[in-house]
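# Fold and geometry: a report
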Amino acid sequence: KIPVQSKDELGQLADAYNNMTGDLKKMMQARDQLLLDVSHELRTPLTNSKLALEMLPESKQKTSIMEDIGEMETMINELLETARLNSDSFTLSVIDIEVEPFLRKVLENYSLQNNKVVLSSVTKGIYISGDEARLTTVIKNLIDNALKYSAADADSVRISAFKEASSVIIQVEDSGPGIPEEKLPFIFEPFYKVDNTRAKQPGGYGLGLHLCKRIMHVHNAELNISNRIGSKGLTAKMVFPLSRKSS
């Protein structure tokens, strides 16, 4: 807000500007509250639908509906988690995390992917401070996106971690189609879709990267995504303050 120090035209302009920002803030809060309320209300009918589907015989239609319900549950959980992160009462369960075993534990979830996800390089003895469960959510989301938009015969998604000055960098690199440069500034906006091709991918509601950005923000860390220079694909870079426990 702009300090109002007079009652002349400039003062009136500053006062009008402050009123406008206040109204915009209320509108954004109302939008967020509506999304939160709708998300809560949708959980019960979704649960009832899942129970009803379990009683039906196996079929392609049943499988398809179960997948749709699963995607809706993911979207609702991401909305609720984002709301928690924005809450004044939210607290992180912060511990010192050694990066190498942490990444190897995350990659166990992709052990059946036929080496589609590999730990290419990692500096030993580096630590970050954070909420392990929520940081796992970020890395898994980045890996899942990399796999989703890479061709079946593309190179493996590569995970690396290293120390750079007073920071720890965790990178996720893929060989997918990349993102047009003019659209990169908007990819962390909620519900933003890069193009219709990506919108048709299963599970793509434009919420995952927004949630990841919020999680990194509450860790005083950064998440940057850019096209790889000189080759296809994206590089997602997580930048953390170096923990004092690092060697």
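Heads up: these notes are all about the structure in this document. (Residues numbered from 1 in each chain as written. Predicted model: local features only at pLDDT ≥ 70, side-chain atom pairs only at ≥ 80, totals over all residues. Heavy atoms only, no water.)

### Some thoughts on helix 4 (residues 132–148)
With 17 residues, helix 4 extends 24 Å between its outermost C-alpha atoms, agreeing within 8% with the 24 Å of an ideal straight helix rising 1.5 Å per residue. Every buried residue of helix 4 is listed here: R134, L135, T136, V138, I139, N141, L142, I143, N145 and A146. Backbone nitrogen of A133 and a side-chain oxygen of the N-cap are separated by 3.3 Å at the start of helix 4; the cap is D131. (Helix = DSSP H or I, 4+ residues; strand = E, 2+ residues; numbered from the N terminus. Expected span 1.5 Å × (residues − 1). Buried < 20%, exposed > 50% of the residue type's maximum accessible area, 1.4 Å probe, protein only. Polar contact = N/O pair within 3.5 Å; in protein donor to acceptor, adjacent residues only side chain to side chain.)

### Details of the packing of aromatic side chains
Taken as a whole and judged by the stated rule, the model has 1 aromatic pair. Above the face of the F188 ring, K213 is positioned so that its terminal group lies 4.5 Å from the ring centre. (Phe/Tyr/Trp six-rings, centres within 6.5 Å; stacked < 30°, edge-to-face > 60°. Lys NZ or Arg CZ within 6 Å of the ring centre and 35° of its normal.)

### Comments concerning a nonpolar patch on the surface
A cluster of nonpolar side chains, I2, Y17, M20, L24 and M27, forms an exposed patch at the surface whose accessible area comes to about 480 Å². Checked against the element boundaries, Y17 lands in helix 1 (residues 9–54). Here Y17 falls in the partly exposed class, since its relative accessible area comes to 38%. (Patch = residues over 30% accessible without salt bridge, like charges linked within 9 Å, V, L, I, M, F, W, Y side chains within 5 Å. Areas by Shrake-Rupley, 256 points an atom, 1.4 Å probe, with all protein chains shown as cover. Salt bridge = Lys/Arg side-chain N within 4 Å of Asp/Glu carboxyl O.)

### Describing the packing of helix 2 (residues 60–86) against helix 6 (residues 208–218)
Angle between the axes and distance between the axes are the two parameters that describe a pair of packed helices. Axis separation between helix 2 and helix 6 bottoms out at 10 Å; the angle between their running directions is 25°. The orientation of helix 2 with respect to helix 6, classified from their angle, is roughly parallel. As helix 2 runs across helix 6, the sense of the crossing is left-handed. Counting all contacts with helix 2, which are made through E78, E81, T82, L85 and N86, the residues of helix 6 involved are G208, H210, L211, R214, I215 and V218. Looking at the contact of helix 2 with helix 6 residue by residue, the classes come out as 4 nonpolar, 4 polar and 3 charged. (Axes fitted to C-alpha atoms, helices over the stretch in contact; angles between N-to-C directions. Parallel < 35°, antiparallel > 145°, perpendicular 65-115°, else oblique. Left-handed = near helix turned anticlockwise from the far one by under 90°. Contact = heavy atoms within 4.5 Å. Nonpolar A, V, L, I, M, F, W, Y, C, P; charged D, E, K, R; others polar.)

### Remarks on the layout of surface pockets
Size it by volume and the second largest pocket reaches roughly 630 Å³. Considering every element that reaches the lining of the second largest pocket, the biggest residue donor is helix 1, with 8 residues. Broken down by class, the residue content of the lining of the second largest pocket amounts to 8 nonpolar, 6 polar and 4 charged. (1 Å grid on protein atoms, 1.4 Å probe; cavity = no way out; pocket = protein on both sides within 12 Å on 5 of 7 lines; lining within 4 Å. Points joined across faces, edges and corners; volume = space filled by probe spheres on them.)

### Regarding the environment of I139
By secondary structure assignment, the location of I139 is in helix 4. Under the relative-accessibility criterion, I139 is labelled buried at 0%. I139 sits 31 residues away from I170 along the chain, and the two C-alpha atoms are 8.9 Å apart. Residues in contact with I139, not counting those within four places in the same chain, are F102, L103, V106, I170 and M238.

### Looking at the pattern of salt bridges
With the rule as written, the count across this model stands at 7 salt bridges. Between E58 and K62 there is a salt bridge, and its shortest N-O distance comes to 3.1 Å. The partner of R134 in a salt bridge is E81, and the shortest N-O contact between them spans 2.5 Å. Here E81 lies in helix 2 and R134 lies in helix 4, a separation of 53 residues in the sequence. R134 gets classed as buried once you look at its relative accessible area, which sits at 17%. On the accessibility criterion, E81 (14% relative accessible area) is buried. Each of the salt bridges in this network shares a partner with another, and the network as a whole consists of E81, D131 and R134.

### Focus on the sheet that holds strand 6 (residues 222–227)
Ordered by their spatial adjacency, 5 strands build an open sheet running 2-4-5-7-6, and the pairing between neighbours is mixed. Edge positions in the open sheet fall to strand 2 (117–122) and strand 6, since each of these has one partner strand only. Across this sheet, the average inter-strand angle for adjacent strands is 20°, counted without regard to direction. Bridge analysis of strand 6 against strand 7 (residues 234–241) gives 6 bridges, and the strand direction is antiparallel. Counted as the bridge partner of N227 is L234 from strand 7. Across the face of the sheet, helix 3 (residues 99–107) comes into contact with strand 2, strand 4 (157–164) and strand 5 (167–173) while running at roughly 175° to strand 2. Packing of helix 6 onto the sheet brings it into contact with strand 6 and strand 7, and relative to strand 6 it is tilted by some 135°. (Pairing = 2+ DSSP bridges.)

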